[in-house]
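# Observations on chain architecture
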Amino acid sequence: MRAVVYDTYGPPEVLRIAEVERPVPKQDEVLIKVHATTVNRSDVHTREANRRSGLAASLLSRMVSGLRRPRQPILGSEFAGEVVEAGSAVKEFAVGDHVFGTTKLRFGAHAEFMCVRASGRILLMPAGMSFEEAAPITDGALNALMCLKEADLRKGRRILIYGASGAIGTAGVQLARYFDADVTAVCSTKNLALMKSLGADRVIDYTQEDFTRNGQTYHVIFDAAGKLSFKRCLGSLEPGGFYLPTDGFENLIRVLLPSRPGAKKVVFQMPPRQTKQDVIFLKELVETGRFRPVIDRCYPLEDVIEATRYVETEQKTGNVVLTVSGAKGTS
């Protein structure tokens, strides 16, 4: 089968299309013909061994992914496709089922076929969705949901989402709206209308206004882009407010340090947990019209380097999709 592989850490150019052995499902796995996948932040960071985040983060990344070279040569965590074979112990899925989900750091989705445990984060696709629409349901939304669960969002709580136009941010705006919070989205000029359409109560154009200087305060600040710092946000947080990071070694240290009751603090789920039940929740939101993954661009698998370069510009809106087989069918 064809797959995108990389043998060494480095820039997008280390990626290449290669013929590799087609996987064989174990008793508890399904073999999926992948029709669509994504290029996301995890792919980019893992491929370069998090070198942009500093030596400590890079070393930690290599300890997880392979010290000298990647243990898993095929990236890609999100997928949508068709079950073509099921292990003898699999009861939940059958050949011909259209499925979507994520393998997270197990990766493997940038290929024509992949094996996934039936008990993992995999479900039947929402009715009426194409493979391209279903592939990006999970990653950004699961990351946003994991953070927002810690924020006690409810009616009357004010949340500011910085980097609201990315995969995590666009999902975060919609999830915060679902939890009935008052949502302020921060993005660039070109995405102001999109934020309103996703349910933001207010939108700040960061090219025109610095939210830390406007005198407004929030119960929660969600840094969906990994561009802020707790120190910068202190003056914009209410007493006892939460700063929700999605990146940064310093933030990990702050989470582990004790804080006095009622203090402003960094909050992150430790250890991170993203379950199949969370995917079920997202699917229900999709089917009831309360969440939709935003798609910026679609590329064929052969253009994975170009797609990756675009993701690395940090200017994408929502998600970047890779089409693997060219199928356009719906569930």
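This text follows the structure it describes.
Residues numbered from 1 in each chain as written. Predicted model: local features only at pLDDT ≥ 70, side-chain atom pairs only at ≥ 80, totals over all residues. Heavy atoms only, no water.

### What about the sheet that holds strand β10 (residues 202-205)?
Overall, parallel pairing links the six strands, which are arranged β10-β9-β8-β11-β12-β13 in an open sheet. Looking at strand neighbours, the two that pair on one side only are β10 and β13 (265-266), the edges of this open sheet. Inspection of the sheet shows strand β8 (residues 158-162) paired to strand β9 (residues 182-187) by five bridges, in the parallel sense. Directly across from I161, in β9, lies its bridge partner A185. Sitting on the sheet, helix α4 (residues 139-148) touches β8, β11 (218-223) and β12 (237-244), and the angle it makes with β11 is about 150 degrees. Contacts from helix α5 (residues 167-178) reach β8, β9 and β11, with the element oriented near 165 degrees to β8. (Pairing = 2+ DSSP bridges. Helix = DSSP H or I, 4+ residues; strand = E, 2+ residues; numbered from the N terminus. Contact = heavy atoms within 4.5 Å. Axes fitted to C-alpha atoms, helices over the stretch in contact; angles between N-to-C directions.)

### Let's talk about unusual backbone geometry
Unusually for a residue other than glycine, N50 sits at a positive phi of about 50 degrees. Along the chain, the position of N50 falls in the loop between α1 (41-47) and α2 (55-65). In this model, D152 sits at a positive phi of 50 degrees, which is unusual for a non-glycine residue. As for its position among the elements, D152 is in the loop between α4 and β8. A relative accessible area of 43% means that D152 is categorised as partly exposed. (Buried < 20%, exposed > 50% of the residue type's maximum accessible area, 1.4 Å probe, protein only.)

### Here's the deal with α2
Burial in α2 covers these residues: A57, S58, S61 and S65. With its buried residues spanning 100 degrees around the axis, α2 presents them on a single face. Across from the buried face of α2, at angles greater than 90 degrees, the exposed residues are L55 and M63. Once α2 finishes, G66 follows within two positions and takes phi at roughly 135 degrees, a positive value. (Arc of directions from axis to C-beta.)

### Some details on α5
The end-to-end C-alpha distance of α5 is 17 Å, a good match for the 16 Å that twelve residues give at a rise of 1.5 Å each. For α5, the tally of buried residues reaches ten of twelve residues, placing the bulk of the element in the interior. Residues A167, I168, G169, T170, A171, G172, V173, Q174, L175 and A176 constitute the buried set of α5. (Expected span 1.5 Å × (residues − 1).)

### Description of the nonpolar core
Ranked by size, the top nonpolar core spans 48 residues in total, and within it I159, I161, V173, M195, F222 and L244 carry the most contacts. Apart from residues lying up to four places away in sequence, M195 is in contact with A164, S165, T170, V173, A185, C187, A200 and V203. Grouped together as the second largest cluster of nonpolar side chains are 32 residues, Y6, F79, V99 and I122 included. (Core = buried A, V, L, I, M, F, W, Y, C linked by side-chain atoms within 4.5 Å.)

### Topic: the packing of α4 against α5
For the pair α4 and α5, interaxial distance at closest approach is 8 Å and the crossing angle is 55 degrees. Between α4 and α5, the crossing angle belongs to the class labelled oblique. With respect to the hand of their crossing, α4 and α5 are arranged in right-handed fashion. Of the residues in α5, those in contact with G140, A141, N143, A144, L145 and L148 of α4 are A167, I168, A171, G172, L175 and A176. Looking at the contact of α4 with α5 residue by residue, the classes come out as nine nonpolar, three polar and no charged. (Parallel < 35°, antiparallel > 145°, perpendicular 65-115°, else oblique. Left-handed = near helix turned anticlockwise from the far one by under 90°. Nonpolar A, V, L, I, M, F, W, Y, C, P; charged D, E, K, R; others polar.)

### Describing the packing of aromatic side chains
Under the definition given, this model contains six aromatic pairs. With 6.0 Å between their ring centres and 40 degrees between their planes, F230 and Y243 make a pair best called tilted. Pair noted here: F230 is in helix α7 (residues 230-233) and Y243 is in strand β12, with a separation of 13 residues, a long-range link. For the pair formed by F230 and Y243, the shared burial category is buried. These aromatic residues form a ring-pair network of at least three members: Y162, Y206 and F211. Across from the ring centre of F113, 4.1 Å away, lies the NZ or CZ of R22, which sits over that ring. The ring of Y310 has R297 lying over it, and the distance from NZ or CZ to the ring centre is 3.7 Å. (Phe/Tyr/Trp six-rings, centres within 6.5 Å; stacked < 30°, edge-to-face > 60°. Lys NZ or Arg CZ within 6 Å of the ring centre and 35° of its normal.)

### Some words on the pattern of salt bridges
Inspection of the entire model under this criterion finds 20 salt bridges. Ionic pairing is found between R309 and E13, a salt bridge with its closest N-O pair at 2.5 Å. Residue R309 is found in helix α10 (residues 304-312), and its partner E13 is found in the loop between β1 (2-5) and β2 (16-19); the two are separated by 296 residues along the sequence. Its relative accessible area of 44% is what places R309 among the partly exposed residues. Judged by relative accessible area, which is 43%, E13 ranks as partly exposed. With a closest N to O distance of 2.5 Å, R177 and D201 form a salt bridge. Taken together, the residues R177 in helix α5 and D201 in the loop between α6 (192-198) and β10 connect sequence positions 24 residues apart. Overall, the relative accessible area of 29% leaves D201 in the partly exposed class. The network of salt bridges with shared partners includes R47, E48, R51, R52 and E312. (Salt bridge = Lys/Arg side-chain N within 4 Å of Asp/Glu carboxyl O.)

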